[in-house]
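Geometric and topological summary
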Amino acid sequence: MNTAIPAEADLALLVDVLLTTSGSAGHDRAGWERLARDAFAAELPREQPDHWWLAVPGATYEAAFEVLGLHDRIPVTVRYGQETQQEDTKYAPDAVHRVFVTPEYAGWRLIYANEPLGTTTWGPHEVIERLSEACGRAQVYYQDPFADAVIWAAAEDGEVVRGYWRHEDGEWTGTPLPWESVLTEAEFADDPDEYESYAEDPGRAETTDVNAAAAHLSVDPAAIDADTPVRGHGWLALTAAGAGHDGFDEYPEL
């Protein structure tokens, strides 16, 4: 299924931005509207980045805009939204960030906010607790294979129920979920003392992979493809009201 073409009023907001930021590129308003409609109609679900992201249920995602302090949203294609994350900050004079919310994939909306998440403007556990209070459920994911750093955590109704954090040594929050792999005493038959040490941490599990956790908890962005159920279109929003979508260093193609 293709993503949806935005409503007329929302499409008009996108065209306003395109006219302001694209130097018209030889198109008048009608031309940009045609190009935008064609771009949305041609979109198919495809693999998404799996470095930093949040996930909220598609049924309740609207609440995330208020929780995260996002404003002035416009509908965007996935390509446009993801490419804005390469240059997601401007100063007016304070920092303003662009945040991309994907279409609904397999029942979940993914939120990409490289600068707010990367600089801990939003604390990972704190932000999903607030999101889950409003949306029912929320998750955060991060991985940097070069630094061997990992975060994944899931919150429900305002509380983190399960999470894993690693930078050198691993730390767990909550107790293992049914899909997680946990070693049993039988697997330590040759060294019962080691099992006692292992079992001292009731949160410890062997399943630490970010993409595996995402696949079980919501949707793995790296596994999204043309067969993934999709609804709606993406949104691009700003972290400051009235800051305007102009003034950023880069503007991608639709």
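Anything mentioned here points back to the structure above.
A short tour of the structure in this document, coming up.

Criteria and thresholds
Residues numbered from 1 in each chain as written. Predicted model: local features only at pLDDT ≥ 70, side-chain atom pairs only at ≥ 80, totals over all residues. Heavy atoms only, no water. Helix = DSSP H or I, 4+ residues; strand = E, 2+ residues; numbered from the N terminus. Expected span 1.5 Å × (residues − 1). Buried < 20%, exposed > 50% of the residue type's maximum accessible area, 1.4 Å probe, protein only. Arc of directions from axis to C-beta. Contact = heavy atoms within 4.5 Å. Polar contact = N/O pair within 3.5 Å; in protein donor to acceptor, adjacent residues only side chain to side chain. Pairing = 2+ DSSP bridges.

Regarding the environment of Pro 229
Its location among the elements puts Pro 229 in the loop between helix H8 (210-217) and strand S10 (230-231). With 125 residues separating them along the chain, Pro 229 and Glu 104 place their C-alpha atoms 8.0 Å apart.

Quick look at helix H1 (residues 8-21)
Counted at 1.5 Å a residue, the expected span for H1 with its 14 residues is 20 Å, and the 20 Å between its end C-alpha atoms agrees. Residues Leu 11, Leu 14, Val 15, Val 17, Leu 18 and Thr 21 constitute the buried set of H1. Considered in projection along H1, the buried side chains sweep an arc of 160 degrees and stay on one side of the axis. Of the exposed residues in H1, the ones pointing more than 90 degrees away from its buried face are Glu 8, Ala 9 and Thr 20. The elements touched by buried residues of H1 are helix H2 (29-42), strand S2 (71-76) and helix H4 (78-84).

Details of unusual backbone geometry
Across the junction of Ala 92 and Pro 93, the peptide omega takes the value -10 degrees, indicating a cis bond. Mapping Pro 93 onto the fold places it in the loop between strand S3 (89-91) and strand S4 (95-105). With phi around 50 degrees, Asp 72 is a residue other than glycine that occupies positive phi space. By the element assignment, Asp 72 lies in strand S2.

Details of the side chain of His 245
Positionally, His 245 belongs in the segment after strand S11 (234-238). Only 2.7 Å separates the side chain of His 245 from the backbone oxygen of Asp 72, close enough to count as a polar contact. When neighbours within four sequence positions are excluded, His 245 is seen to be in contact with Val 17, Thr 21, Asp 72, Ile 74, Leu 236, Leu 238 and Tyr 251.

Details of the pairing of S4
Counting buried residues along S4, 10 of its 11 residues qualify, which places the element largely inside the surrounding structure. Note: S3 against S4, three bridges, orientation antiparallel. If you follow Lys 90 over to S4, its bridge partner there is Val 96. Joining the antiparallel neighbours S3 and S4 is a turn of three residues. The turn joining S4 and strand S5 (residues 108-112), which pair antiparallel and follow one another in sequence, is formed by two residues; a positive phi near 50 degrees is taken by Ala 106.

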